[in-house]
Amino acid sequence: MVGHAFMGAAHSHGWRNAGRAFDLPLEPRLVAVAGTSAERTAAAARRLGWEESLTDWRELIERDDIDVIDICTPSDTHREIAVAALQAGKHVLCEKPLANSLDEAEEMAAAARSAAERGIWAMCGFTYRRQPAVALARELIQDGRLGEVRHVRLVYLQDWLSDESAEHSWRLDASRSGSGALGDLGSHAIDLAQWLIGDDVARLSARTTVFVDARPAPGANGTLRPVTVDDAAFVLAEFGSGVIGTIEATRYALGRKNALRFEINGSKGSVAWDLERNNELEFYEADGQPGTAGFTRVLTTDPSHPYLANWWPAGHTLGYDHAFVNQAADFVNAVAAGVQPEPSFDAAASVQRVLATVATSSGSGTWEVVA
Ligand code: SOE
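Residues numbered from 1 in each chain as written. Predicted model: local features only at pLDDT ≥ 70, side-chain atom pairs only at ≥ 80, totals over all residues. Heavy atoms only, no water.

Asker: How do you make sense of helix α1 (residues 6-21) when you look at a structure like this?
Answerer: Because each turn of an α-helix spans 3.6 residues, side chains separated by three or four positions end up pointing in the same direction. With 16 residues, α1 extends 22 Å from end C-alpha to end C-alpha; this agrees with the ideal 22 Å at 1.5 Å per step. Along α1, the positions that sit buried rather than exposed are M7, G8, A10, H11, S12, G14, W15, A18, G19 and A21. Summarising the contacts, the buried residues of α1 are in contact with α2 (38-48), β3 (68-71), β4 (91-95) and α9 (322-337). (Helix = DSSP H or I, 4+ residues; strand = E, 2+ residues; numbered from the N terminus. Expected span 1.5 Å × (residues − 1). Buried < 20%, exposed > 50% of the residue type's maximum accessible area, 1.4 Å probe, protein only. Contact = heavy atoms within 4.5 Å.)

Asker: Honestly, the site of the ligand in this entry has me stumped. Any pointers?
Answerer: The immediate surroundings of the ligand are formed by F6, K96, Y128, Y156, Q158, W160, R171, D184, H188 and Y320. Measuring from an oxygen atom of the ligand, one finds a side-chain N or O atom of Y128 at 2.6 Å. Between the ligand and D184, the relevant distance is 2.5 Å, taken from an oxygen atom to a side-chain nitrogen or oxygen of the residue. Contact with the protein chains hides 91% of the accessible area of the ligand, taken as 310 Å² for the molecule alone. Cavity membership is defined here by more than half of the atoms lying within 2 Å of grid points; on that basis the ligand lies in the largest pocket. Residue classes in the shell around the ligand are distributed as five nonpolar, two polar and three charged. (Near = heavy atom within 4 Å. Polar contact = N/O pair within 3.5 Å; in protein donor to acceptor, adjacent residues only side chain to side chain. Areas by Shrake-Rupley, 256 points an atom, 1.4 Å probe, with all protein chains shown as cover. 1 Å grid on protein atoms, 1.4 Å probe; cavity = no way out; pocket = protein on both sides within 12 Å on 5 of 7 lines; lining within 4 Å. Sits in = over half its atoms within 2 Å of the grid points. Nonpolar A, V, L, I, M, F, W, Y, C, P; charged D, E, K, R; others polar.)

Asker: It is not clear to me how the pattern of salt bridges should be interpreted in this structure. Could you clarify?
Answerer: Pairing between side chains of opposite charge can happen when their charged atoms approach one another. Applying the stated criterion to the full structure yields 22 salt bridges. For E106, the salt bridge is made with R353, and the minimal N-O distance between the two is 2.8 Å. With E106 in helix α5 (residues 102-116) and R353 in helix α10 (residues 345-364), the pair connects residues that are 247 residues apart, well separated along the chain. Among the charged side chains, a salt-bridge network with shared partners connects K96, R171, D184 and R251. (Salt bridge = Lys/Arg side-chain N within 4 Å of Asp/Glu carboxyl O.)

Asker: Looking at this model, I keep getting lost on the side chain of H322. Mind explaining?
Answerer: For H322, the location among the structural elements is in helix α9. Side-chain polar atoms of H322 contact the backbone nitrogen of G319, separated by 2.9 Å. Leaving out residues up to four positions away in the same chain, H322 has contacts with W311 and W312.

Asker: I tried to follow empty space enclosed by the protein on my own but got confused; where do I start?
Answerer: Gaps left between atoms are located by rolling a probe of water-molecule size over the structure's atoms. Taken as a whole and assessed by the stated rule, the structure comprises one cavity of 30 Å³ or more. A volume near 30 Å³ is recorded for the largest cavity. Residue assignment for the lining of the largest cavity shows that the elements contributing at least two residues are α1 and α9. (Points joined across faces, edges and corners; volume = space filled by probe spheres on them.)

Now the structure itself:
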């Protein structure tokens, strides 16, 4: 694994526990974690359960006792690490967003297609697909329970930047993160929108904005550093099939801590979900009995629900981290079976195309003044 911050900790949890919850054909072995500081990486290895710690990720790629490279670093490093790993015959799991630009994403997707011909697989970590309620929502949509999908609306609301004195970080530096709320949070919403309805965004109009354009640099006694990314993004999207929708991403929705939400409306029904109530799926069917029709709150903890046969008895709810265990298990099963783990780099590159188009539209989008 390369990187050991928030995603490195979450992925380590996934690798450590996948063989406990799932009957896997291969048991993940946490061989080595690479970071920039020898001291901090050694501490992370001890805390997260890795056998060794290194300060040069290239060493991971040269080793014969390592089969998978798990990329948990800021997105400006994804392309170099993933392409080198795939060319060296290592399977790759890469965090989202795939890259910082469409060009980089397309290069990674091309490297993954070439590697797949050699039985080497790559997957992008859009982990919310592996929340059981989300996977159930997709089953319902794909089984036609909603009828013809008409519109989708997704938001990803956080509030950790709503305090103007919050410090600067790599996520606010376009050279490191590519974009702000758009790529960090909006990429999740775009991937879910496309995956849930099985259709890609074809056209869009968008606006991004910055609320606080400079923030205190960490440990620099208040020296301000410019913010070079978006603070919030609003997108009006049309999908290839004609489905229309809205997608929002912000880190200023004061009071919303990690509210990734969707509502999908079809001709026969609707589904709605909120990550902050992740074990519940709201489901509405038009043919409900008159007088009692209404949204049903499905508690997605039955063994029949996606992934739940591998977890606890009905009613024993799962958390944010279970999706990382589900992700690790799906990755291992796909690689062991020699099939493409999803989402592929191609799927992740289609998200990157939307991100790039949002940036273009936001700069040039036409507005009609309400007169
Ligand atoms: C941002 O704070 C963040 O950590 C994202 O980077 C993750 O992708 C998201 O799952 C949780 O919030």
